[in-house]
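# Residue-level structure breakdown
One-letter residues, chain by chain:
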Amino acid sequence: MAVDLSKLYGRDFELSSGVELNFLQSETGDVGCVVWDAALVLCAYLDHCQRKGLLNLGHQTVLELGAGTGAVGLVAATLGADSFVSDLPELVPLMQQNIDKNKEKLSGSCQAAPLEWGDVVQMNHLKETAFNNGLDYIMLADCVYYDESVKHLVDTIVCLSSSKTTVLCSYEERELGNKEALQSQFFKLISEHFSASEIPMSEHHPELSSPDIHIFKFTSLS
Ligand SMILES: C[S@@+](CC[C@H](N)C(=O)[O-])C[C@H]1O[C@@H](n2cnc3c(N)ncnc32)[C@H](O)[C@@H]1O
C-alpha cells in the first residue's frame, strides 16, 4: 500500500547528547508507517551504549532492514555511522523524508534503499554499490512478523553479512496468533549461521526499555 505523504505527524526522539530527531509517521499506510516500540528501545540502547563507551558507531557501516520510518538507522547515523535504511519500495519516500528532515543532525550519513527480503538482485546491487567493503552492523526492529518472510529475512541477513558483521535485533513479545511460533522459527534458522545472545536488561537504556522488548546480538559462527 502506498504511503500517503500528505498526512504526516512527527515523533520526537532525544539523544543523551541533547540532539533531537523527529521521525515522520504517516496516518495511512501499512505497518511500516509508524515507529514501533521495539525500534525506540533499540534506538535508546544504541545511544545509551555509545554514551557509556560500550559501542562506537563512528564510521561504521550499518544497514537497517524493514526500517519503516528509518528510526534506528537515523539514530545510528546521528551517532556517527554511515547508515543505509531499507524496506519495501513503497516505504522509501517516507524514509527519504525522514532523512531530509533530520540531515542537519547526523554526524555520519544516511541513505534510503529499496530491499525486499530474499530479492537477490536488490541484495547484489546493494553489495556492489553501497557497501562493497562489507557491513559492520545489520539492525532490525520488529521484523519477525510475517509467516511468508521469516526464511527470506534470515537468507537476507546471511547473504549481506560477513564474519565482521554484528546483527542487532529487537522485538516485542507477542502471544497473538502464531507470533511465538514465528519467533522460534526465526531463532532456529538464524542459529544455523550465527551465535545468538540476548542483551541483558541491565544493559538496556534505564528508562526507554520494557521487560517484553528483547534485544539480541548475533555474531557469525564462521
Ligand atoms: C512491524 S514493522 C517495523 C518497522 C520498523 N522496523 C519499526 O520497528 O519501527 C515491519 C517492517 O518490515 C517491513 N517488511 C515486511 N515484509 C518485508 C519484506 N518482505 N521485505 C522488506 N521489508 C519488509 C514492513 O514494510 C515494515 O516496515
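Each value, and the rule that gives it
Residues numbered from 1 in each chain as written. Predicted model: local features only at pLDDT ≥ 70, side-chain atom pairs only at ≥ 80, totals over all residues. Heavy atoms only, no water. Near = heavy atom within 4 Å. Polar contact = N/O pair within 3.5 Å; in protein donor to acceptor, adjacent residues only side chain to side chain. Areas by Shrake-Rupley, 256 points an atom, 1.4 Å probe, with all protein chains shown as cover. Nonpolar A, V, L, I, M, F, W, Y, C, P; charged D, E, K, R; others polar. Pairing = 2+ DSSP bridges. Helix = DSSP H or I, 4+ residues; strand = E, 2+ residues; numbered from the N terminus. Axes fitted to C-alpha atoms, helices over the stretch in contact; angles between N-to-C directions. Contact = heavy atoms within 4.5 Å.

## Things to note about the site of the ligand
Looking at the ligand, there are 18 residues lining it, with W36, G66, D87, W117 and A141 nearest. At 2.6 Å from an oxygen atom of the ligand is found a side-chain nitrogen or oxygen belonging to D87. Contact distances for the ligand include 2.9 Å between a nitrogen atom and a backbone N or O atom of A141. Here the ligand has 590 Å² of accessible area as a free molecule, and 94% of this is covered by the chains. Across the shell around the ligand, the residue classes tally to 12 nonpolar, 3 polar and 3 charged.

## Overview of the sheet that holds strand 3 (residues 61-65)
Within the open sheet, the 7 strands sit side by side as 5-4-3-6-7-9-8. Their pairing is mixed. Unpaired on one side and paired on the other, strand 5 (109-114) and strand 8 (194-198) mark the two borders of the sheet. Neighbouring strand axes in the sheet, compared pairwise and without regard to direction, differ in orientation by 20° on average. Bridge count between strand 3 and strand 6 (residues 137-141): 4 bridges; the pairing is parallel. Paired with E64 across the bridge in strand 6 is M139. The strands that helix 2 (residues 71-78) touches are strand 3, strand 4 (82-87), strand 5 and strand 6; relative to strand 4, the one it contacts most, it runs at about 175°.

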